[in-house]
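Notes for the structure review
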Amino acid sequence: MFLGFTCVSQAARHAKSRWLPVSPDLTRAFLLGLSLIAMATTVPRAVAQKVQLSVEVSKAGPKIDRNIFGQFTEHLGHGVYDGLWVGPDSTIPNTRGIRNDVVAALKALNVPNLRWPGGCFADEYHWRNGIGQRAITLNPNWGGVTEPNTFGTHEFMDFVDQIGAAAYLSINVGSGTPREAAEWLEYLTAAHTTLAKERAANGHPEPYWVGYLGIGNESWGCGGNMTPDYYLSQLKIYSRFVRNFNPAQDKQPMWKIAVGPGGSEREWTDWTEAIMKAYQNREWSWSWDINGLSMHSYTVGHWPPSFASVGFGEKEYGQILKYTLDMEELVSKHSAIMDKYDPQKKVALIVDEWGAWYAPLPGSNPGFLVQQNSLRDAILAALNLNIFARHADRVRMANIAQMINVLQAMIMTDKEKLVLTPTYYVFKMYVPFEDATFVPVAFHAGTYTHGDISLPRIDAIAAKDGAGRLWMAITNLDPNQPVEVEASLAGFTVKSAAGETLTAAKVDSVNTFDAPKTVVPKPISARVDGGKLTLTLEPKSVTVISVQIDNR
Ligand code: AHR
């Protein structure tokens, strides 16, 4: 992958070097120095590959919307029940039934928005079953299990409030009616109506804030197997009649998100064409409107999912990362169609289901989509977040699937036990990129090859936060070779740098309840050399550093 070229002067290269500690504290600096020496002795028998990055600090790009770090939780397996909800009578510490340990872990991620109740579940969800006296129903999509509906509207809104996220509701277009959906929104957001009084009687007098509304889910598949034209006729009705009445949202209206494509082939480009063309041709924007077009894309390999989530080697590591990089083509392809009909980029491309989807763990219920989460997934997450950031002008929201115990999860629980996954740590390391301004980076990625798989050796993004700090995220995909990165900042010099790196002994290293710290970030030092930055990336690692800079 060629992403540009930077010429670095020999003089600068040979300028006096100086190692900068991650903190001014001398003791810490000394310890870090020791860890660097340890790194130098333990990591590479292999010679570090050199990569030069040119960071165009003054060429600010679009904002990297914090919503691309969104999450998704569905009534599926132990995503909700036992994952985040244990009920108020549980011995597991909870607040109104919601696990305290889960809330604490998620608060550290600064989760911008949470999509719920599905997924496929959403198109069979009837909201009245989940308020007041609960109805016991079934979950035919996911294992055919009993759905107690104890986690309903109020519990979800309480959960997003506890973690500080905005609510993204997926409404039932497949088996519901426009009236049912409209009444749900009235129940949630109106002030003085009968439905608002019912909400108050159920414990919440104030209207709720609903940030995002998904109009259907995969309506071309589990959401009703609709053609683009049929879906469009539904979209127009739901978009028109499902309203948000919360006066506090007048200045920040709820986004309406249409179902979009699920791949890159002709049927999917046709779908995007149909929706976007209709959007452009709508005669009266008050008649129907959308703010986003959803796209779903999992890293699966082959269907049904057969890649193991743990116990794999370098071959499967390379294969999965190759598949995941297809996200770039997918986003580019659908963005180009959207550009045709919406050159002002009013409609965001919203990747509201993405992540790795592997074979179910042996012994688990195949309908519960339980898989392990390894270092490979951490790298996969970083690569996808980088793609979204590079397309920040169009991709303004994304939701990894799914938050707890399902697919590429942040958190896994087993009764009172909880473990944070490698993917969790990538999301934590990337928090500074939320709402930061994209800064272009040019580099020769180099190539890592294993058998017939070739991948870019590194990937990198940079951004400036609100306080003017520069942040860089650099991934070394090569599982065998360290990489020495030399970064120059056009027009600026580097004063200091501090950061963290995430790696582990093996490509399939995982955190478990018994060994929860196998894949956790550790501090990394950087060297400043003639105003440039040099740092050594361990093989198969994700690194995020903050860089203090000066005008030259
Ligand atoms: O995330 C699991 C499922 O994948 C969702 O329910 C559905 O939308 C998608 O096919």
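Structure first, text after, so check above.
My aim in this report is to walk through the structure given alongside it, one point at a time. What you are looking at is a predicted structure, and each value in this text was computed from that prediction instead of being measured. Once a new chain begins, its residue numbering starts again from 1 and follows that chain's sequence as written. Selection of residues for local features in this predicted model requires a pLDDT of at least 70, selection of side-chain atom pairs for listing and counting requires 80 or more, and totals for whole chains, interfaces and linings are taken over all residues. As a rule here, side-chain values come from all non-hydrogen atoms in the structure, and water together with hydrogens is ignored.

Let's shift gears to the side chain of Ser 219. The helix count covers DSSP runs of H or I at least four residues long, the strand count covers runs of E at least two residues long, and both are numbered beginning at the N terminus. Its place among the elements puts Ser 219 in the loop between strand S11 (210-215) and helix H7 (228-241). Note on contacts: a residue pair is in contact if any heavy atoms of the two residues lie within 4.5 Å. When residues no more than four places from it in sequence are discounted, the contact partners of Ser 219 are Gly 224, Asn 225, Met 226, Tyr 231, Val 259 and Trp 271.

Turning our eyes to something else, we now look at the pattern of salt bridges. Here, a salt bridge means any side-chain nitrogen of Lys or Arg that lies within 4 Å of a carboxyl oxygen of Asp or Glu. Counted under the stated rule, the structure contains 25 salt bridges. Of the charged contacts, one joins Asp 435 and Lys 63 as a salt bridge, the two residues approaching to 3.7 Å between their closest N and O atoms. Taken together, the residues span a long stretch of sequence, with Asp 435 in the loop between helix H12 (422-429) and strand S18 (437-439) and Lys 63 in the loop between strand S3 (49-55) and strand S4 (70-72) at a distance of 372 residues. Think of it in three bands: residues with accessible area under 20% of the maximum for their type are buried, residues over 50% are exposed, and the middle band is partly exposed, with areas taken using a 1.4 Å probe on protein chains only. We classify Asp 435 as partly exposed; its relative accessible area is 33%.

Next up on the list: the pairing of strand S14 (residues 348-356). With nine of nine residues buried, S14 is to be regarded as a mostly interior element. Where strand S13 (residues 292-299) meets S14, seven bridges bridge the pair, whose relative direction is parallel. In the strand pairing of S14, His 296 is matched with Glu 353. Strands qualify as paired when DSSP identifies two bridges or more between them. In this structure, S14 lies alongside strand S15 (residues 395-401), joined through four bridges in parallel fashion. Bridge pairing in S15 links Leu 349 to Val 395. The definition of a right-handed crossover adopted here requires that, viewed with the strands pointing away, the path from the first strand over the helix to the second runs clockwise. Once you follow S14 into helix H11 (residues 375-390) and on to S15, the crossover reads as right-handed.

Strands sit in the order S4-S7-S10-S11-S12-S13-S14-S15 around a closed barrel of eight strands; the barrel is parallel. Taken pair by pair, the neighbouring strands of this sheet meet at an average axis angle of 25°, ignoring direction. In terms of strand pairing, strand S7 (residues 113-116) meets strand S10 (residues 166-171) through four bridges, oriented parallel. In the sheet register, Asn 113 faces S10, and the bridge partner there is Ala 166. The convention used is that axes are lines fitted to C-alpha atoms, helices contributing only their stretch in contact, and that angles between N-to-C directions extend from 0 to 180 degrees. The sheet strands contacting helix H5 (residues 178-189) are S7, S10 and S11, and the helix crosses S10 at an angle near 160°. Relative to the sheet, H7 contacts S10, S11 and strand S12 (255-258), its axis offset from that of S11 by approximately 155°.

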